[in-house]
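What follows is each chain in one-letter form.
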Amino acid sequence: MPRVNVGLTVSGDRVFAPLRSRLEVRPRDGTPPNDTFDGPTSIKCLHIPTGRLIWDTDLKPLIEELQSVGGKFAERNFAYCGAPLVSGDRVFIPVCSSPAGEQESWVLFLDARSGRPLWSTLLATIPSMQGMWGQGRPTLYQTTLAEAEGLLFAQSNLGVTGALHPTTGTIQWLSRY
């Protein structure tokens with residue numbers, strides 16, 4: 001089973017942790033039976049000194065807002081595919097969809113204080129790997145993020161590097177390689 005494992009991020013007195021959702025929260029209904037892709041689908045924000053949960057994207061109303069803001073990836077078998085990037089009151093999270101379907105790379109922006117999803121931007125899409133799935137070792141697609149010069153930079157091994165406006169998610173430029 002291809003599994004995505006990513007790191008957590010510490011910022012001030014908070015830790016932002018991508019974790020796997022319980023099946024009752026995110027069932028795999030509608031997922032093709034041969035799609036064994038699995039990874040973290042919840043972001044939890046914890047207060048470091050006490051361990052108290054500050055917010056969780058698997059709880060209402062955040063889970064419903066994610067379905068609205070998350071675009072197509074929120075309806076599919078997806079995973080957070082990299083450590084969150086925290087910058088002030090902003091949390092940027094790379095997202096990938098299962099290689100068993102049309103493979104996509106997204107960036108999701110959450111408010112660090114509340115966990116509210118504010119935007120998501122599609123970076124790249126490649127055709128389905130369905131015919132190749134299970135033959136040899138599957139490739140895991142990941143996206144890395146960095147912030148500098150007032151821009152959010154994203155690199156996906158789906159073949160793109162780009163710069164996004166960190167407040168709006170608007171793609172400033174995108175280069176294929």
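Coordinates for the structure precede this section.
Just so it is clear, the model here is predicted, and its values are computed rather than measured.

A. Expanded view of the sheet that holds strand β10 (residues 143-148). With antiparallel pairing, the four strands of this open sheet are ordered in space as β10-β11-β12-β13. Edge positions in the sheet fall to β10 and β13 (171-176), since each has one partner strand and no second. Adjacent strand axes in the sheet meet at a mean angle of 15° when their direction is disregarded.

B. Focus on the packing of aromatic side chains. For the structure shown, the criterion picks out six aromatic pairs. Measuring from ring centre to ring centre gives 6.1 Å for Phe92 and Trp119, while their planes differ by 45°; the resulting arrangement is tilted. One end of the pair, Phe92, is in strand β7 (residues 90-97); the other, Trp119, is in strand β9 (residues 117-126), and 27 residues separate them in sequence. In terms of burial, Phe92 and Trp119 fall into one category: buried. A centroid spacing of 6.3 Å and a plane angle of 55° characterise the contact between Phe153 and Trp173, whose relative ring orientation is tilted. Of this pair, Phe153 sits in strand β11 (residues 151-156) while Trp173 sits in strand β13; the two residues are 20 residues apart in sequence, bridging distant segments of the chain.

C. Quick look at the pattern of salt bridges. According to the stated counting rule, one finds six salt bridges in the structure shown. For Asp56, the salt bridge identified is with Lys44, shortest N-O distance 2.7 Å. Residue Asp56 is located in strand β4 (residues 53-56), and its partner Lys44 is located in strand β3 (residues 42-47); the two are separated by twelve residues in the primary sequence. Between Arg113 and Asp89 there is a salt bridge, with its nearest N and O atoms 3.0 Å apart. Note that Arg113 is positioned in the loop between β8 (103-111) and β9 and Asp89 in the loop between β6 (85-87) and β7, a separation of 24 residues in sequence. Given a relative accessible area of 53%, Arg113 falls into the exposed group.

D. The arrangement of helix α1 (residues 62-69) in detail. Buried residues of α1: Leu62, Ile63 and Leu66, and no others. The arc that holds every buried residue of α1, seen down its axis, measures 100°, which confines them to one face. Among the structural elements, β4, β5 (78-80), β8 and β9 are those in contact with the buried residues of α1. A positive backbone phi angle near 65° is found at Gly71, which sits one or two residues after α1.

Parameters and conventions
Residues numbered from 1 in each chain as written. Predicted model: local features only at pLDDT ≥ 70, side-chain atom pairs only at ≥ 80, totals over all residues. Heavy atoms only, no water. Pairing = 2+ DSSP bridges. Helix = DSSP H or I, 4+ residues; strand = E, 2+ residues; numbered from the N terminus. Axes fitted to C-alpha atoms, helices over the stretch in contact; angles between N-to-C directions. Phe/Tyr/Trp six-rings, centres within 6.5 Å; stacked < 30°, edge-to-face > 60°. Buried < 20%, exposed > 50% of the residue type's maximum accessible area, 1.4 Å probe, protein only. Salt bridge = Lys/Arg side-chain N within 4 Å of Asp/Glu carboxyl O. Arc of directions from axis to C-beta. Contact = heavy atoms within 4.5 Å.

Without other data, these values stay purely geometric and don't point to any function.
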